[in-house]
Amino acid sequence: MENVLEKVCDEKHKSINDRDKVVDTRLNSHSGRLDSVEDAVVKLTAMVEEIRKKYFFDKILILCVFIMVIVVASIELGPELTGKMIGGMK
């Protein structure tokens with residue numbers, strides 16, 4: 001009787017150990033996937049910040065070019081015509 005119980009215990013322990021290995025494998029797999037997702041989030045966040053900064057500097061550049069055009073227009077066309085042009089843009 002004792003020999004049978006020992007075999008049953010051994011089989012149960014083997015089954016538990018097999019399930020434990022499967023769980024460890026899944027856990028390691030999920031851990032790797034989470035690391036990949038975290039890396040992707042960090043990269044995307046950096047890209048968004050870079051785009052936001054670039055967008056801001058693009059607006060500043062456009063504003064500076066517009067001001068330069070107005071200055072050159074006022075030099076070339078005179079203040080009266082330039083004032084009429086700016087007034088007509090509103």
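Everything below is about the structure shown above.
This write-up is about the structure you can find in this document.

Reading guide: rules and limits
Residues numbered from 1 in each chain as written. Predicted model: local features only at pLDDT ≥ 70, side-chain atom pairs only at ≥ 80, totals over all residues. Heavy atoms only, no water. Helix = DSSP H or I, 4+ residues; strand = E, 2+ residues; numbered from the N terminus. Rg over C-alpha atoms; globule rule 2.2 N^0.38 Å. Buried < 20%, exposed > 50% of the residue type's maximum accessible area, 1.4 Å probe, protein only. Areas by Shrake-Rupley, 256 points an atom, 1.4 Å probe, with all protein chains shown as cover. Lys, Arg positive; Asp, Glu negative; His and termini not counted. Charge placed at Lys NZ, Arg CZ, Asp CG, Glu CD. Phe/Tyr/Trp six-rings, centres within 6.5 Å; stacked < 30°, edge-to-face > 60°. Salt bridge = Lys/Arg side-chain N within 4 Å of Asp/Glu carboxyl O. Patch = residues over 30% accessible without salt bridge, like charges linked within 9 Å, V, L, I, M, F, W, Y side chains within 5 Å.

Attention shifts here to the overall build of the chain. What the chain contains, in helices and strands, is 2 helices and 0 strands. For the chain, the C-alpha radius of gyration of 36 Å lies well beyond 12 Å, the compact-globule estimate for 90 residues. The principal-axis extents of the C-alpha atoms in the chain amount to approximately 115 × 20 × 10 Å. Residues counted as buried form 3% of the 90 residues belonging to the chain. In the form shown here, the chain has an accessible surface area of approximately 8,600 Å², with 66% of it arising from carbon and sulfur atoms. Computed over 14 positive and 15 negative side-chain charges, the separation of the two mean positions in the chain equals 7 Å.

For the coordinates displayed, the defined rule picks out 1 aromatic pair. Judged by centre distance (5.7 Å) and plane angle (65°), the rings of Phe56 and Phe57 are edge-to-face.

Pairing is possible between side chains that carry opposite charge, provided their charged atoms lie close to one another. Inspection of every chain in the model, using the stated rule, returns 1 salt bridge. Residues Arg52 and Glu49 are paired through a salt bridge, measuring 2.7 Å at the closest nitrogen-oxygen approach. You can see Arg52 and its partner Glu49 sitting in helix 1 (residues 2-77), 3 residues apart, about one turn around the helix. Residue Glu49 is classed as partly exposed on the basis of its relative accessible area of 33%.

On to the environment of Gly87, then. Tracing the sequence through the fold places Gly87 in helix 2 (residues 79-89). Taking the relative accessible area as the measure of exposure, Gly87 reaches 42% and is therefore partly exposed. When the C-alpha positions of Gly87 and Phe56 are compared, they lie 27 Å apart, and in sequence the two are 31 residues distant.

Another point: a nonpolar patch on the surface. Nonpolar side chains collect at one region of the surface, where Leu63, Phe66, Ile67, Val71 and Ile75 lie side by side and expose about 480 Å² of accessible area between them. Looking at where Leu63 falls in the secondary structure, it is placed in helix 1.

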